[in-house]
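As a plain string of letters, each chain reads:
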Amino acid sequence: MRTRSIAPPPAAAAGIDLLGAAAGLGERLVREATWYRGRCNWIGVERTACGDEDDRRRAHRALGPSLGGGTAGIALFLAQLHATTGSDATRRTARGAIAQALAHAGTVDHGLYGGRPGIAYAAARCGRLLGDERLVTHAARLGRSRPSVPAGSADLVGGAAGSIVALLALAARLDDRGLVDRAARLGDALCAAARRGSSGWSWPPAAGRHGLCGMASGASGAAWALIELFAATGDERHRAAAAHALDYERHWYDAEQANWPDLRGIERREPHGTFRAPYATTWCHGAPGIALSRLRAWQVLGDERLRDEAATALATTAASVERTLLVPRADFSLSRGLAGGAEALLLGGALRPDAAALARRVGEVGAGRYATSLDGWPSGGGRTPALLTGDAGIGLLLLRLRDAATPSVLLLGAPSP
């Protein structure tokens, strides 16, 4: 299927060593790894990718196996770093981290960032980057295994939407049509679980609540998954379902804010227009993630309305990034910080001329402030090595800023330039 191209970002400006900053994060991860029988792990702040409704309860503990919050995500960053630098220590630690993830993959179920399909995707990527076909074989076997619970949620972290995206990305890497068929069945389950209304389709997090907007747990995440299914199969049902999910978010769009509200915790008995919701500018529940969903939808479907929505979300993201860069110790993580905004801007260069330059400035500012800091890069609520919430994701952004061919972990279906 022909798709519209997304322009690659320009090369990083001279004077800032982005690779050196990424390597510094990698070296710290190598030093801090705890080893046991050929596998390694880290201690980090345990929290959800985007924060619970009460995000004050955090604990430091050994990481789980997942892509977003555990050792699979750290392995992916270290493997990508090894492919760039050739460091033996980095390669050894990447292998130990993905071995730890694979050993404990049976403890998780659905999702891209929190589940088994995401670990399988990371293992396949690590296998290619490290030159280890055994990891690729293990990834294929894990991708074909069936999680123990059914999935019908729109959640990218632990639901059907995330599993669909991960399985399709894995299928493309392994040329495995059976994984596409599995993803299509999950797409049918996702459609069956939707709340269908006059304003579109949504996936409420709980009974009596509004369906959410945004990428992590909302209609954008579901739409992205269904668009990837349509791109892989050409099944019109999934394209139509994606359109219904996008309609739902249009219903909530606030032109004054140029953003979509964060509806977490708001009861359904409070209808549209009767309350003031917060407006986020993070990948999880705000404009950066919505920009990514619209960019991919426009790329696949070619609808100019999607292009306009992407441009609006990118403008809101850019304004937020500009403001946040002025804040001392601002969060730099992918899920809730500057790196997530930079990811959207990197992929939005075709629509906004200054987007890639601003994304690059995020990396340059961070590298200038924190590359040699003993406290490390700030990531909100406590330092963690994880991909979505900490060092591994920041490191991957730095590698992408240096080399546009490094795949995004926030928009897996977008082709590399």
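These remarks concern the structure in this document. Computed from a predicted model, the values in this text were never measured in an experiment. (Residues numbered from 1 in each chain as written. Predicted model: local features only at pLDDT ≥ 70, side-chain atom pairs only at ≥ 80, totals over all residues. Heavy atoms only, no water.)

1. So, the overall build of the protein
Step number 1: Helices and strands together make up the secondary structure of the protein, namely 14 helices and 6 strands.
Step number 2: Taking 417 residues into account, the globule formula puts the C-alpha radius of gyration at 22 Å, and the protein, at 20 Å, falls close to it.
Step number 3: C-alpha atoms of the protein, sized along the principal axes, occupy 55 × 45 × 45 Å.
Step number 4: The long-range share in the protein, meaning contacts at least 24 apart out of those at least 6 apart in sequence, stands at 69%.
Step number 5: When the accessible surface of the protein is summed, it comes to about 16,000 Å², and 49% of that surface belongs to carbon and sulfur atoms. (Helix = DSSP H or I, 4+ residues; strand = E, 2+ residues; numbered from the N terminus. Rg over C-alpha atoms; globule rule 2.2 N^0.38 Å. Contact = heavy atoms within 4.5 Å. Areas by Shrake-Rupley, 256 points an atom, 1.4 Å probe, with all protein chains shown as cover.)

2. A closer look at the pattern of salt bridges
Step number 1: Per the stated rule, a full pass over the model turns up 23 salt bridges.
Step number 2: The salt bridge partner of Asp262 is Arg264, with a shortest N-O separation of 2.6 Å.
Step number 3: Exposure remark for Arg264: the relative accessible area of 28% places this residue in the partly exposed category.
Step number 4: Arg360 is the salt-bridge partner of Glu364, the closest N and O atoms lying 3.8 Å from each other. Of this pair, Glu364 and Arg360 both sit in helix α13 (residues 355–370), 4 residues apart, which is roughly one turn of the helix. The residues Glu364 and Arg360 share a single accessibility class, namely buried.
Step number 5: Linked through salt bridges whose partners overlap, the residues forming this network are Asp247, Glu249, Arg250, Arg294 and Glu309. (Salt bridge = Lys/Arg side-chain N within 4 Å of Asp/Glu carboxyl O. Buried < 20%, exposed > 50% of the residue type's maximum accessible area, 1.4 Å probe, protein only.)

3. Description of the nonpolar core
Step number 1: Counting 137 residues, the largest nonpolar core has Ile98 and Trp283 as its most contacted members.
Step number 2: The biggest single contributor to this core is helix α6 (residues 160–174), with 11 residues.
Step number 3: Setting aside residues no more than four positions away along its own chain, Ile98 makes contact with Ala72, Ala75, Ala122, Ala123, Cys126 and Leu135. (Core = buried A, V, L, I, M, F, W, Y, C linked by side-chain atoms within 4.5 Å.)

4. Thoughts on the side chain of Glu228
Step number 1: Here Glu228 lies in helix α8 (residues 219–233).
Step number 2: A distance of 2.7 Å separates a polar atom in the side chain of Glu228 from a polar atom in the side chain of Arg296. (Polar contact = N/O pair within 3.5 Å; in protein donor to acceptor, adjacent residues only side chain to side chain.)

5. What to know about the packing of aromatic side chains
Step number 1: Under the defined criterion, the tally for this structure stands at 6 aromatic pairs.
Step number 2: With a centroid separation of 5.7 Å and an interplanar angle of 75°, the aromatic rings of Phe332 and Tyr370 are classed as edge-to-face. With a gap of 38 residues between them, Phe332 in the loop between α11 (304–324) and α12 (338–347) and Tyr370 in helix α13 connect regions that are remote in the sequence.
Step number 3: In this structure Phe332 comes out as buried when scored by relative accessible area, which is 2%.
Step number 4: Classification of Tyr370 as buried rests on a relative accessible area of 6%.
Step number 5: Look at Phe332 and Trp377: their rings are 5.3 Å apart centre to centre, the planes differ by 80°, and that puts the pair in the edge-to-face class. Of this pair, Phe332 sits in the loop between α11 and α12 while Trp377 sits in the loop between α13 and α14 (391–402), and the two are 45 residues apart along the sequence. Like Trp377, Phe332 is buried.
Step number 6: Ring pairing ties together the aromatic residues Phe332, Tyr370 and Trp377, which thus form one cluster.
Step number 7: Here the basic side chain of Arg307 rests over the ring of Trp298, its NZ or CZ set 5.9 Å away from the ring centre. (Phe/Tyr/Trp six-rings, centres within 6.5 Å; stacked < 30°, edge-to-face > 60°. Lys NZ or Arg CZ within 6 Å of the ring centre and 35° of its normal.)

6. Quick look at the environment of His244
Step number 1: Assignment of secondary structure puts His244 in helix α9 (residues 236–252).
Step number 2: Along the sequence, His244 and Val180 sit 64 residues apart, while their C-alpha atoms lie 22 Å from each other.
Step number 3: Every residue in contact with His244, bar those within four places of it in the chain, is listed here: Gly200 and Trp201.

7. Some thoughts on helix α4 (residues 116–130)
Step number 1: Along its 15 residues, α4 runs 21 Å from first to last C-alpha, staying within 8% of the 21 Å computed at 1.5 Å per residue.
Step number 2: Counting buried residues in α4 gives 13 out of 15 residues, a clear majority hidden from the surface.
Step number 3: After α4 finishes, the residue Gly131 shows a positive phi value of roughly 70°. (Expected span 1.5 Å × (residues − 1).)

8. Concerning unusual backbone geometry
Step number 1: A positive phi angle, near 55°, is found at Asp175, a position not held by glycine.
Step number 2: Relative accessible area serves as the criterion here: at 73%, Asp175 is assigned to the exposed category.
Step number 3: Residue Ala258 is not a glycine yet carries a positive backbone phi of 50°.
Step number 4: With respect to the helices, strands and loops of the structure, Ala258 is situated in the loop between α9 and α10 (287–301).

9. Brief notes about the packing of α4 against α6
Step number 1: At a minimum axis distance of 8 Å, the contact between α4 and α6 shows a crossing angle of 30°. As summarised for this structure, α4 and α6 are arranged roughly parallel, according to the angle between their axes. Crossing angle aside, the handedness with which α4 passes α6 is left-handed. Residues Pro117, Gly118, Ala120, Tyr121, Ala124, Arg125 and Arg128 of α4 lie in contact with α6, whose contacting residues are Ser163, Ala166, Leu167, Ala169, Leu170, Arg173 and Leu174.
Step number 2: Per-class residue counts for the contact of α4 with α6 are 9 nonpolar, 2 polar and 3 charged. (Axes fitted to C-alpha atoms, helices over the stretch in contact; angles between N-to-C directions. Parallel < 35°, antiparallel > 145°, perpendicular 65-115°, else oblique. Left-handed = near helix turned anticlockwise from the far one by under 90°. Nonpolar A, V, L, I, M, F, W, Y, C, P; charged D, E, K, R; others polar.)

10. Quick word on the environment of Tyr121
Step number 1: Relative to the helices and strands, Tyr121 is located in helix α4.
Step number 2: Separated by 53 residues in the primary sequence, Tyr121 and Leu174 place their C-alpha atoms 10.0 Å from one another.
Step number 3: Contacts of Tyr121, omitting those with residues within four sequence positions, involve Leu67, Ala166, Ala169, Leu170, Arg173 and Leu412.

11. Observations concerning the side chain of His110
Step number 1: Note on placement: His110 falls in the loop between α3 (88–103) and α4.
Step number 2: Of the residues examined, His110 reaches a relative accessible area of 8% and is grouped as buried.
Step number 3: When neighbours within four sequence positions are excluded, His110 is seen to be in contact with Gly115, Pro117, Pro147, Val149, Pro150, Ala151, Val157, Gly158, Gly159, Ser163 and Leu186.

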